[in-house]
Amino acid sequence: MKIESLLIHGGIDGDEKTGAVNIPIYQTSTYKQPKFGVNKGYEYSRTGNPTREALEKLVSDLEEGYAGFGFASGMAATTAVLSLFKCGDKIVISNNVYGGTFRVLDKVFNHFGIEYKIVDTSNLEEVKNSMDEAVRAIFIESPTNPLMDITDIEEVSNIAKAKGIYTIVDNTFMTPYLQKPIKLGADIVIHSATKYLGGHSDTVSGVVVVNSEDLAERLHFIQNSTGGVLSPFDSFMLIKGIKTLAIRMDRHNENTKVIAEFLRNRKEIEKVYYPGFEDHPGYEIQNKQAKGYGGIISFVIKKGYDYKKFFNNLEIITFGESLGGVESLACHPASMTHASIPSEIREKVGIVDNLIRLSIGIENIEDLIEDIKNALEESKEND
Ligand SMILES: Cc1ncc(COP(=O)(O)O)c(C=O)c1O
C-alpha cells in the first residue's frame, strides 16, 4: 500500500467484531480474565489497550519500523527513549533541538549521570569528532526546531553504526509522509504527535517507533514500568488525525513555500530560515532524504521593527505555543519553546530575541499573506 492509503488502512483497519470502520475507544483500565492464568491478550491498560495498540501498529507501519509505542506527550516519548541509557552514557544532540529535549537531558537525566554533548550535527566532521567511548547515541532533529538546520540522517546513521551506537531521530517536523528516518538507517524515531500527526491541536501525545525486536522489548518494558502511556481516547483522536495527514502536509508544504518567498522579499526582514530555499546549506540533503520542506519557517525581524508589535497585530495567525495544526501559529522561541535553554547557548546558535517562528496552517494562502503583511507593516518601532 502507498502511504496515502496506509494512513487510512494501516495498523488495525476497523473493528473486526462489529465491522465498525473506526477502532472503538476501549475506555477500560482492566480486563476480565475468564479463568485463572487465562486472558484474551490484555490484563491492564498500562501494559496494553486495544485502541492504543491500533495506533501503535499504525505508526509502526507508517515509519516502516518493527514496533510503535504511544505516550502521553512527546516529552514522555523522549523520556522513555532516554531511559534506555545508564549512568556514564553520553548522548550527542543537535545544537538547536526542541528546548524540552535539552531541558530533560540537562535537568533530569543529568541527575542520573547521563551526559549530553551539543554538536552541530549538520556538520558530519563535528559529529565524527564528538565520538568518544561514552557516547551511546546520536539524537537529531532534521530540520531542527526552530532554525531549520538539516542533518544528513543516512550519514549520521552510518557514523553511529560504525560505532555500534543508536541513531535517534525526532521526526516531528517532517512526519513519515515526508521523511522516513528508519529507512535512512535510524534505530529510533520519536514524534511529538501533538503536532502534525494529530494535526488539530486537540491532543497532547507522543509516539516512538523502533527498528528491532530487541529495542521493542526494551521500550515496552520501559513504557509499562514508567507508565507515561497514551489514553484510549487520545489514541483514537490520533488515529483520526493521521487519516488526513497526506492532504494536510501537501497544503502545509504548498502554503509555506509561498510564504517563505514572500517573507524573503520584505524590507522588514533580515533573514528567513527555510530548507526549501535553493541557497539553504541543507537544500540538497533535504531533497535527498525528504519529500518536501514542511510547514515551519523562522525569520529574524530587522532592527527598527518590534517583534512584539508583529505578534500583537496578527489577526488570523494565532500567537501561541505549538505547531503542526491546521491553524497557523506564531511563536517567539526565545521566550516560549526554547526559554529553557540558557540565553548564552540560545544566542550562540541563533535563537535571538527577534527570531519569530511560524507554523503555517492550511488556511487560504491570500488570507495568510495579508495577515503577515499587515502585521509587518504595523511592526515599525515608534509608529
Ligand atoms: C520537535 C519537538 N519534539 C518534541 C516536542 C515535545 O512534545 P510534547 O509537547 O508533545 O511533549 C516538541 C514540542 O514542541 C517539539 O516541537
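All values derive from a computational prediction rather than experimental measurement. (Residues numbered from 1 in each chain as written. Predicted model: local features only at pLDDT ≥ 70, side-chain atom pairs only at ≥ 80, totals over all residues. Heavy atoms only, no water.)

How should the overall build of the protein be read in this particular structure?
Regarding its fold elements, the protein presents 14 helices and 12 strands. Counting the 383 residues in the protein, one finds 56% classified as buried. Looking at the protein alone, contacts between residues at least 24 apart form 72% of all its contacts between residues at least 6 apart. Put simply, the protein shows about 16,500 Å² of open surface, and 50% of that area lies on carbon and sulfur atoms. Seen as two clouds, the 41 positive and the 54 negative side-chain charges of the protein have centres 3 Å apart. (Helix = DSSP H or I, 4+ residues; strand = E, 2+ residues; numbered from the N terminus. Buried < 20%, exposed > 50% of the residue type's maximum accessible area, 1.4 Å probe, protein only. Contact = heavy atoms within 4.5 Å. Areas by Shrake-Rupley, 256 points an atom, 1.4 Å probe, with all protein chains shown as cover. Lys, Arg positive; Asp, Glu negative; His and termini not counted. Charge placed at Lys NZ, Arg CZ, Asp CG, Glu CD.)

How do you make sense of the domain arrangement of the protein when you look at a structure like this?
Accessible area lost upon the coming together of the parts is a frequently used measure of interface size. When the domains of the protein are assigned, the result is domain 1 (3–242) and domain 2 (246–377). In this structure, domain 1 and domain 2 have C-alpha centres spaced 26 Å apart. In this complex, domain 1 contributes 40 residues to the contact, which on the side of domain 2 involves 41 residues. The contact between domain 1 and domain 2 buries some 3,200 Å² in all, and 61% of this surface belongs to carbon and sulfur atoms. (Domains from an automatic or database assignment. Buried area = accessible area lost by both parts, 1.4 Å probe.)

Where do I start with the nonpolar core in this structure?
Nonpolar side chains in soluble globular proteins tend to be buried together. Counting residues in hydrophobic clusters, the biggest one holds 37 residues, and the most contacted among them are Leu55 and Ile242. Listed by contribution, the elements that provide at least two residues to this core are α1 (3–9), α2 (50–63), α7 (175–178), β7 (206–210), α9 (232–242), α10 (245–264) and β9 (296–301). When residues in this core are grouped by element, the largest group, five residues, is from α2. The residues that make up this core include at least three from each of domain 1 (3–242) and domain 2 (246–377). (Core = buried A, V, L, I, M, F, W, Y, C linked by side-chain atoms within 4.5 Å.)

Explanation requested: the sheet that holds strand β2 (residues 90–94) in the structure shown.
Strand pairing in a sheet is mediated by backbone hydrogen bonds. Such pairs are either parallel or antiparallel. Across the sheet, which stays open at both edges, the seven strands sit in the order β1-β7-β6-β5-β4-β2-β3 with mixed pairing between neighbours. In this open sheet, the two strands that pair with only one neighbour each are β1 (67–71) and β3 (115–119). If you compare each strand with its neighbour and ignore which way they point, the axes differ by 20° on average. Inspection of the sheet shows β2 paired to β3 by five bridges, in the parallel sense. Each bridged residue has a counterpart across the sheet, and for Lys90 the counterpart in β3 is Glu115. (Pairing = 2+ DSSP bridges. Axes fitted to C-alpha atoms, helices over the stretch in contact; angles between N-to-C directions.)

Just checking my understanding: could you explain the layout of surface pockets for this structure?
Unoccupied space between atoms shows up once a probe the size of one water molecule is rolled over them. The calculated volume of the largest pocket comes to roughly 480 Å³. Asp15, Lys17, Tyr26, Tyr42 and Pro50 are, among the 16 residues lining the largest pocket, the residues nearest its centre. Tallied by class, the residues present in the lining of the largest pocket amount to seven nonpolar, three polar and six charged. In this model, the second largest pocket occupies a volume close to 370 Å³. Around the second largest pocket sit 23 residues that line it, and Gly74, Met75, Tyr98, Ser192 and Lys195 are the ones nearest its centre. When residues of the lining of the second largest pocket are traced back to their parent elements, those giving at least two are α3 (74–82) and β6 (188–192). Each residue belonging to the lining of the second largest pocket can be placed in one class, and the counts come to seven nonpolar, 11 polar and five charged. (1 Å grid on protein atoms, 1.4 Å probe; cavity = no way out; pocket = protein on both sides within 12 Å on 5 of 7 lines; lining within 4 Å. Points joined across faces, edges and corners; volume = space filled by probe spheres on them. Nonpolar A, V, L, I, M, F, W, Y, C, P; charged D, E, K, R; others polar.)

What exactly am I supposed to notice about the site of the ligand here?
Around the ligand lies a shell formed by Ser73, Gly74, Met75, Tyr98, Glu141, Asn145, Asp170, Thr172, Ser192, Thr194, Lys195 and Ser205. Within the backbone of Met75, a nitrogen or oxygen atom sits 2.9 Å from an oxygen atom of the ligand. Between the ligand and Lys195, the relevant distance is 2.6 Å, taken from an oxygen atom to a side-chain nitrogen or oxygen of the residue. A total of 390 Å² of accessible area belongs to the ligand in isolation, and the protein chains cover 91% of it. Applying the majority rule of atoms within 2 Å of the grid points places the ligand in the second largest pocket. Residue classes in the shell around the ligand are distributed as two nonpolar, seven polar and three charged. (Near = heavy atom within 4 Å. Polar contact = N/O pair within 3.5 Å; in protein donor to acceptor, adjacent residues only side chain to side chain. Sits in = over half its atoms within 2 Å of the grid points.)

Would you mind showing me how to read the pattern of salt bridges here?
Where charged atoms from two side chains of opposite charge come close, those side chains can pair. For the structure shown, the criterion picks out 15 salt bridges. A salt bridge links Lys288 to Asp152, with the shortest nitrogen-to-oxygen separation between them at 2.7 Å. With Lys288 in helix α11 (residues 283–289) and Asp152 in the loop between β4 (135–141) and α6 (153–163), this residue pair connects regions lying 136 residues apart in the sequence. Overall, Lys288 belongs to the partly exposed group, its relative accessible area being 47%. For Arg266, the salt bridge goes to Glu377, with nearest N and O atoms at 3.7 Å. One end of the pair, Arg266, is in the loop between α10 and β8 (269–273); the other, Glu377, is in helix α14 (residues 365–377), with 111 residues separating them in the sequence. When its relative accessible area of 38% is taken as the criterion, Glu377 is described as partly exposed. Here the residues in one salt-bridge network are Arg266, Lys267, Glu268, Lys373 and Glu377, joined through shared partners. (Salt bridge = Lys/Arg side-chain N within 4 Å of Asp/Glu carboxyl O.)

Would you explain the pairing of β4 in this entry?
On any regular strand, side chains alternate: one points to one face of the sheet, the next to the other face. The buried fraction of β4 is high, at six of seven residues. Here β2 runs beside β4; their pairing, made up of four bridges, is parallel. By the bridge assignment, Val92 is partnered in β4 with Ile138. Of the pairings in the sheet, the one linking β4 to strand β5 (residues 166–170) comprises five bridges and is parallel in character.

What should I look at first to understand the packing of α2 against α9 in this one?
Packed helices, taken two at a time, are described by the angle between their axes plus the distance between the axes. The geometry of α2 relative to α9 is characterised by a closest axis approach of 8 Å and an angle of 35° between their N-to-C directions. In this structure, α2 meets α9 at a crossing whose hand is left-handed. Every residue of α9 that contacts α2 at Thr51, Arg52, Ala54, Leu55, Leu58, Val59 and Leu62 is listed here: Pro232, Ser235, Phe236, Leu238, Ile239 and Ile242. (Left-handed = near helix turned anticlockwise from the far one by under 90°.)

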